[in-house]
Amino acid sequence: MENLNRRSALKFGLAATAATPVFSLVVPAKAAAPGYSATDGVDMGHGRRMVEVGEQESQITAYKSIKIIDVIYQPGASDPDDQPMMDMDMVCHIIAGEFKIEKKGIPAYTVKDGGIYSCGKGKSDKATNISNVVGIHRIALLIPA
């Protein structure tokens, strides 16, 4: 430290400042939750509404297209107990709230804001918004070819 003068201290400070943005990129980005109104989308019952976000042709050979929907759950709202079997594969992303996921054959688990999970064709699950905020479940429906 004896050789540290004002000029080398300034260089060191500038180098550290320049590196700061690089280290801030390590934190994963979260999807911004859309600000849906109480009347957006289609009422699905049980305190849930569905909004169609978009659909795109798939570049994955097993799927014709991918459709994105948001299911909006009021606090405490859940899917009905008699959920039908899924007719396609899905990837679910929680963009607001916290959900308890129940699937047959495995213990229930929690998916928090920013988390993802998948659902397979021929299976069913039940999602319950266990948070005290409006929950948004963004789902990528993988429509078979």
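Predicted model, so just to flag it, every value in this text is computed and none were measured. (Residues numbered from 1 in each chain as written. Predicted model: local features only at pLDDT ≥ 70, side-chain atom pairs only at ≥ 80, totals over all residues. Heavy atoms only, no water.)

1. Quick word on the environment of Asp 125
Locating Asp 125 in the fold gives a position in strand β8 (residues 125-129). It is 8.3 Å that separates the C-alpha atoms of Asp 125 and Met 85, two residues lying 40 residues apart in sequence. Each residue touching Asp 125, except ones within four places of it in the same chain, is listed here: Asp 79, Gln 83, Met 86, Ile 101, Glu 102, Lys 103, Tyr 117 and Cys 119. (Helix = DSSP H or I, 4+ residues; strand = E, 2+ residues; numbered from the N terminus. Contact = heavy atoms within 4.5 Å.)

2. Observations concerning the nonpolar core
With 18 residues, the main nonpolar core has Met 90, Tyr 117 and Ile 139 as its most contacted residues. Elements that contribute at least two residues to this core include exactly β3 (63-73), β4 (89-96), β5 (98-103), β7 (116-119) and β9 (135-144). In this structure, Ile 139 is in contact with Lys 67, Ile 68, Ile 69, Val 71, Met 90, Val 91 and Cys 92, ignoring residues within four places of it in sequence. Grouped together as the second largest cluster of nonpolar side chains are 5 residues, Val 51, Ile 72, Ala 96 and Ile 136 included. (Core = buried A, V, L, I, M, F, W, Y, C linked by side-chain atoms within 4.5 Å. Buried < 20%, exposed > 50% of the residue type's maximum accessible area, 1.4 Å probe, protein only.)

3. Points about the layout of surface pockets
What the largest pocket holds in volume is close to 400 Å³. Lining the largest pocket are 22 residues, and of these Met 44, Gln 83, Met 86, Met 90 and Ile 139 sit closest to its centre. Those elements that provide at least two residues to the lining of the largest pocket are β2 (48-57), β3, β4, β7, β8 and β9. (1 Å grid on protein atoms, 1.4 Å probe; cavity = no way out; pocket = protein on both sides within 12 Å on 5 of 7 lines; lining within 4 Å. Points joined across faces, edges and corners; volume = space filled by probe spheres on them.)

The values reported here are purely geometric and, on their own, carry no functional implication.
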